[in-house]
Amino acid sequence: MNKKTEELRDMFLDMTDEETVTERQEETHGSLGTEERVEEQLLAVVTEMRERYDFDTPLTDEELRTVVRRFYAGDGDDGIADELGDESLKEDVASARIDLHLFRPSDTDAPFEIETLRTLVRDGATTADCAAELDTDESTVRRYRRVIEAKDEARTVNQQYINEFENILQDREISDRMTSDIQQDGLDDATDGMETNVSF
C-alpha cells in the first residue's frame, strides 16, 4: 500500500468510524436478526403444513425448513440430501418436498399418462386397481398418486403455502439488496469526500 492509498484509507476509516471496511460489511449484510426472522417464519409455515396435512416423513421440521430453502436456492433433491448430511435421504427429500407443495416438472414424468391416473383416483379406484389398469406396480402408483393429491391440495388453498414461502424468501432477498445498496452508497459518499479533501 503506497502513501497516497494509506492516506485515503485512513481518511475513510476516520469518516466511517469503523476499524475495517470488511467488518462493517460482515456486520450489516445478512444480519443475524434478518436470518433469525426468516428461519422462524419458514419454520412456522412448515409446522402448520405438517399439522394440517399430517406428513409421513422421517425429516424433522428443521430439516424440512432446509428442504424449502435449498429448493428455492435451486438445489436438486440429491443436493438437498447432501446439505442434510446424508445422500441416502434423496427419496425422503423428494417425498417431503411434494408434501410441502414444492413441485418440479419431473414430478409428473410417470411411465403412464398421469391424467389417466388422476381420473382413476377421482373415480375412487384403489391403488391396486390403478396398478392393474396402468400395468405398473403399486409403489409407483402411490408415488404419483401423492403428487396428484399434493397438487390438488395446493390448488384448494390457492397455493397459499407456496406463496408464503416465496414471500418470506423474497423479503430476505430485498433486505439483502437494500443493505448492499446502502453500503455502496456510503462507500461512494465517503470516496467522494476523500477525493474532495485530498490533493496529490
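Remember, it's a predicted structure, so these values are computed and weren't measured experimentally. Think of each chain on its own: its residues are numbered from 1, step by step along the sequence as written. In keeping with the predicted nature of the model, local features appear solely for residues at pLDDT of at least 70, side-chain atom pairs appear and are counted solely at 80 or more, and the whole-chain, interface and lining totals rest on all residues. Here the side-chain values reflect all heavy atoms present in the structure, with hydrogen atoms and water set aside.

Engineer: Got a minute to help me understand the layout of surface pockets in this structure?
Structural biologist: One simple way to see leftover space: roll a probe sized like a water molecule over the atoms. Cavities and pockets were defined on a 1 Å grid built from protein atoms only: a cavity is a group of points that admits a 1.4 Å probe but offers it no way out, a pocket is an open group of points flanked by protein on both sides within 12 Å along at least five of seven lines, and a lining residue is one with an atom within 4 Å of any such point. Grid points are joined across faces, edges and corners, and a volume is the space filled by probe spheres set on the points. Taken as a whole, the largest pocket encloses approximately 390 Å³ of empty space. What lines the largest pocket is a set of 16 residues, and nearest its centre among them are E91, A94, S95, I98 and R143. Where the lining of the largest pocket is concerned, the elements lending two or more residues are α6 (90-99) and α9 (138-156). Each residue is assigned to one class: nonpolar for Ala, Val, Leu, Ile, Met, Phe, Trp, Tyr, Cys and Pro, charged for Asp, Glu, Lys and Arg, and polar for all the others, Gly among them. Residue composition of the lining of the largest pocket, by class: 4 nonpolar, 3 polar and 9 charged. Each helix is a run of DSSP H or I of at least 4 residues and each strand a run of E of at least 2, with the numbering of both proceeding from the N terminus.

Engineer: Explain unusual backbone geometry to me, please; I cannot follow it from the model alone.
Structural biologist: Where the residue is not glycine, phi is negative for most of them; where a peptide bond is considered, it is trans in most cases. The phi torsion at H101 lies on the positive side, around 65 degrees, for a residue other than glycine. Locating H101 in the fold gives a position in the loop between α6 and α7 (114-122). Only protein chains enter the accessibility calculation, which uses a 1.4 Å probe; a residue whose area is less than 20% of its type maximum is buried, one above 50% is exposed, and one in between is partly exposed. Under the relative-accessibility criterion, H101 is labelled buried at 2%. Of note in this structure, D135 is not a glycine but carries a positive phi near 55 degrees. On the secondary structure map, D135 appears in the loop between α8 (127-134) and α9.

Engineer: Just checking my understanding: could you explain the nonpolar core for this structure?
Structural biologist: We define the nonpolar core as a collection of buried residues of types Ala, Val, Leu, Ile, Met, Phe, Trp, Tyr and Cys that are connected through side-chain atoms lying within 4.5 Å of one another. M49, L100 and F165 are the most contacted members of the largest nonpolar core, which totals 25 residues. Ranked by residues supplied to this core, first place goes to helix α3 (residues 32-53) with 6 residues. Contact criterion: two residues are considered in contact whenever any of their non-hydrogen atoms come within 4.5 Å of each other. Apart from the residues within four sequence positions on either side, F165 is in contact with L42, V45, V46, M49, V68, Y72, L100 and L102. Listed in part, the 13 residues of the second largest apolar core include A110, L117, L134 and V141.

Engineer: Explain the packing of α7 against α9 to me, please; I cannot follow it from the model alone.
Structural biologist: At a minimum axis separation of 10 Å, α7 and α9 run at an interaxial angle of 75 degrees. Considering their axes alone, α7 and α9 lie roughly perpendicular with respect to each other. Where α7 approaches α9, its residues I114, L117, R118, V121 and R122 are matched on the opposing element by V141, Y144, R145, I148, D152 and R155. The residue makeup of the contact of α7 with α9, split by class, is 6 nonpolar, no polar and 5 charged. To define axes, lines are fitted to C-alpha atoms, for helices over the stretch in contact only, and angles between the resulting N-to-C directions are given on a 0 to 180 degree scale. Oblique is the label for any angle not covered by the other classes, which are roughly parallel (under 35 degrees), roughly antiparallel (over 145) and roughly perpendicular (65 to 115).

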